[in-house]
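A structural walkthrough
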Amino acid sequence: MSVLAPIRIVPAGGCADAPVLRERGQHEVFCGLTGIIWLHRKIQDAFFLVVGSRTCAHLIQSAAGVMIFAEPRFATAIIDERDLAGLADANTELDRVVQQLLARRPEIKLLFLVGSCPSEVIKLDLARAASRLSAKFAPSVRVLNYSGSGIETTFTQGEDACLASMVPVLPASSPGAGTEILIVGTLADVVEDQFNRLFRQMGVDSVKYFPARHADDLPQVGSNTRFLLAQPFLADTSKALQERGAKRIAAPFPLGIEGTELWLRAAAQVAGVSQTRFETAIAAPKQRASAALARSRALLEGKRIFFFPDSQLEIPLARFLARELGMHLVEVGTPYLHRQNMAEELALLPAGTALSEGQHVENQLDRCTAARPDIVVCGLGLANPLEAQGLTTKWSIELVFTPIQGFDQAADLVELFTRPLVRRMRLAA
Ligand code: SF4
């Protein structure tokens, strides 16, 4: 029986040591509060209380859409002029709001106090408030805090901050416990179920997910934990897990066929799965995904794409579009480049790819409009002006809201890029 070899990525060229243009200027991205939209859907008995302004309330309400049938599991405790002027005790107000909320919603097991720009401006100490309220409502409710403020975070960093705030309360695994694989990063339930089926077919059942679907289903963590990042924007969470003794499994991210296969292979190798069993488990979904991508390749091959820095998904997406669909990468911007967590992705990027880190929106707009790419991936705020100039755009936020990981989602992922191009071609016809 041949055992799976550890993944070693030896690219033809790669961008492992490629120079990166560092941009420091005006930002055009959503803040970390946006992460509440997918986090509250995932952790079913958690509640996110934003301590912020009416602007913050509008942002999450409009991003989440109107919820008619269910009581939402997020809200905003509004900091008003009296709080800002220091006339009211914001802590007393916050305690009162939390008391009311928990009395009305007894199903809440985990409450996040989410910091915002206004809570930072008035220097409201939410860490102290969380520990005070946790002690008050223990053991039925745990209260944690993190910041989603636009001063500190871009939109996917909210998830990183949220998960990192949970790491210290994860139970310790018992000494001598066997190797456990932990998948880290929010995945849609449908994607998680598909990965679980694949792992079961490989004979691996000791896979846990973080975050889990229920607040009290906290995975154990310790030196026996090997974690696999499912999302590329989890630098702080990754660091916090390593501080608890866990080790990262090096792999690219599960986007596209190649990324998904290498990601699964890395986990299977840690679990001691044989080569044959691994190949058998992935054969059918890989075949389905190949057939689906072949249909889109004709449309995308040779097309030029420009990524503005937004979600931190840019590098894995660029790798997928270049290697599996033959697209040409004009520029790949990312808000932050974590070289260690991104090492396997960088090695797979075509040699000579123009990489940039951080944002200077004016400079990037100049480069983008001069290059006239076939498609631009950018934030909502930039899409309309670029469309008005005749460029085709894709909102990067849609790539975070849509389930795109794994073999069975590869077709949906590629469709997110073909759809705007087809629409533009119809308009031009
Ligand atoms: S946290 Fe800051 S950037 Fe985000 S909505 Fe509130 S005020 Fe705006």
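Residues numbered from 1 in each chain as written. Predicted model: local features only at pLDDT ≥ 70, side-chain atom pairs only at ≥ 80, totals over all residues.

Attention now goes to the site of the ligand. If you check the shell around the ligand, you find Cys31, Leu33, Gly52, Ser53, Thr55, Cys56, Leu59, Ser116, Cys117, Gly148, Ser149 and Gly150 and nothing else. Here the shell around the ligand gets 3 residues from one element, more than from any other, and that element is helix 2 (residues 54-64). Broken down by class, the residue content of the shell around the ligand amounts to 5 nonpolar, 7 polar and no charged. (Near = placed C-beta within 6 Å. Helix = DSSP H or I, 4+ residues; strand = E, 2+ residues; numbered from the N terminus. Nonpolar A, V, L, I, M, F, W, Y, C, P; charged D, E, K, R; others polar.)

Next up on the list: helix 17 (residues 410-428). The end-to-end C-alpha distance of helix 17 is 28 Å, a good match for the 27 Å that 19 residues give at a rise of 1.5 Å each. Bending of helix 17 peaks at approximately 30 degrees at the position of Leu416, with proline Pro420 no more than four residues after it. Regarding helix 17, the residues found buried are Ala410, Leu413, Val414 and Phe417. In this fold, the buried residues of helix 17 make contact with helix 10 (256-270), helix 11 (275-300), helix 12 (314-325), strand 13 (375-378) and strand 14 (393-395). (Expected span 1.5 Å × (residues − 1). Bend = angle between axes of the 7 residues up to and from the residue. Buried ≥ 20, exposed ≤ 12 C-beta atoms within 10 Å, placed from the backbone. Contact = placed C-beta atoms within 7 Å.)

On to the domain arrangement of the protein. By domain assignment, the protein separates into domain 1 (20-26 + 293-428), domain 2 (32-153) and domain 3 (180-276). Taken over C-alpha atoms, the centre of domain 1 sits 25 Å from the centre of domain 3. Taken together, the 25 residues of domain 1 in the interface contact 23 residues of domain 3. For the side of domain 1 that touches domain 3, the secondary structure elements donating two or more residues are helix 12, helix 13 (343-348) and helix 17. Broken down by element, the side of domain 1 that touches domain 3 gets its largest block of residues, 6 residues, from helix 12. (Domains from an automatic or database assignment.)

This part is about the pairing of strand 11 (residues 328-334). Burial analysis of strand 11 places 6 of its 7 residues in the buried class, the great majority of the element. In this structure, strand 10 (residues 304-307) lies alongside strand 11, joined through 4 bridges in parallel fashion. Each residue of the ladder has a partner; that of Arg304, found in strand 11, is His328. Note: strand 11 against strand 12 (residues 355-357), 3 bridges, orientation parallel. Residue pairing in the sheet places Val332 in a bridge with Leu355 of strand 12. In this fold, strand 11 hands off to helix 13, which returns the chain to strand 12; that crossover is right-handed. (Pairing = 2+ DSSP bridges. Right-handed = clockwise from strand over helix to strand, strands pointing away.)

Next up on the list: the sheet that holds strand 4 (residues 110-115). Pairing in this open sheet of 4 strands is parallel, and the strands run 3-2-4-5 from one edge to the other. Among the strands making up the open sheet, the edge pair consists of strand 3 (74-78) and strand 5 (142-147). Each strand of the sheet is rotated relative to its neighbour by a mean of 25 degrees, with strand direction disregarded. Most of the contacts of helix 6 (residues 126-137) go to strand 5, to which it runs at about 170 degrees, and overall it touches strand 2 (46-52), strand 4 and strand 5. (Axes fitted to C-alpha atoms, helices over the stretch in contact; angles between N-to-C directions.)

The next subject is the nonpolar core. Among the nonpolar cores identified, the biggest contains 124 residues, and Phe112 and Leu228 are the most heavily contacted of them. At 7 residues, helix 10 tops the list of elements feeding residues into this core. In this structure, Leu228 is in contact with Ile181, Ile183, Val184, Ile249, Ala251, Trp263, Ala266 and Ala267, ignoring residues within four places of it in sequence. (Core = buried A, V, L, I, M, F, W, Y, C linked by C-beta atoms within 7 Å.)

Below, the discussion takes up the packing of helix 10 against helix 11. If you want to describe how two helices pack, look at the angle between their axes and the distance between the axes. The geometry of helix 10 relative to helix 11 is characterised by a closest axis approach of 10 Å and an angle of 170 degrees between their N-to-C directions. The pairing of helix 10 with helix 11 is recorded here as roughly antiparallel in orientation. Residue-level inspection shows Ile257, Glu261, Leu264, Arg265 and Ala268 of helix 10 in contact with helix 11, the latter providing Phe278, Ile282, Lys286, Ala289, Ser290 and Leu293. (Parallel < 35°, antiparallel > 145°, perpendicular 65-115°, else oblique.)

Residues Ile375 and Val377 point to one face of strand 13 and Val376 and Cys378 to the other, with burial holding for every one of them. Summarising the sheet, strand 10 and strand 13 pair through 3 bridges and their orientation is parallel. The residue of strand 13 that forms the bridge with Phe306 is Val376. As defined by bridge partners, strand 13 adjoins strand 14 across 3 bridges and the pair is classed as parallel. Each residue of the ladder has a partner; that of Val377, found in strand 14, is Lys394. Remark: the strand 13/helix 15 (residues 380-388)/strand 14 crossover connection has right-handed handedness.

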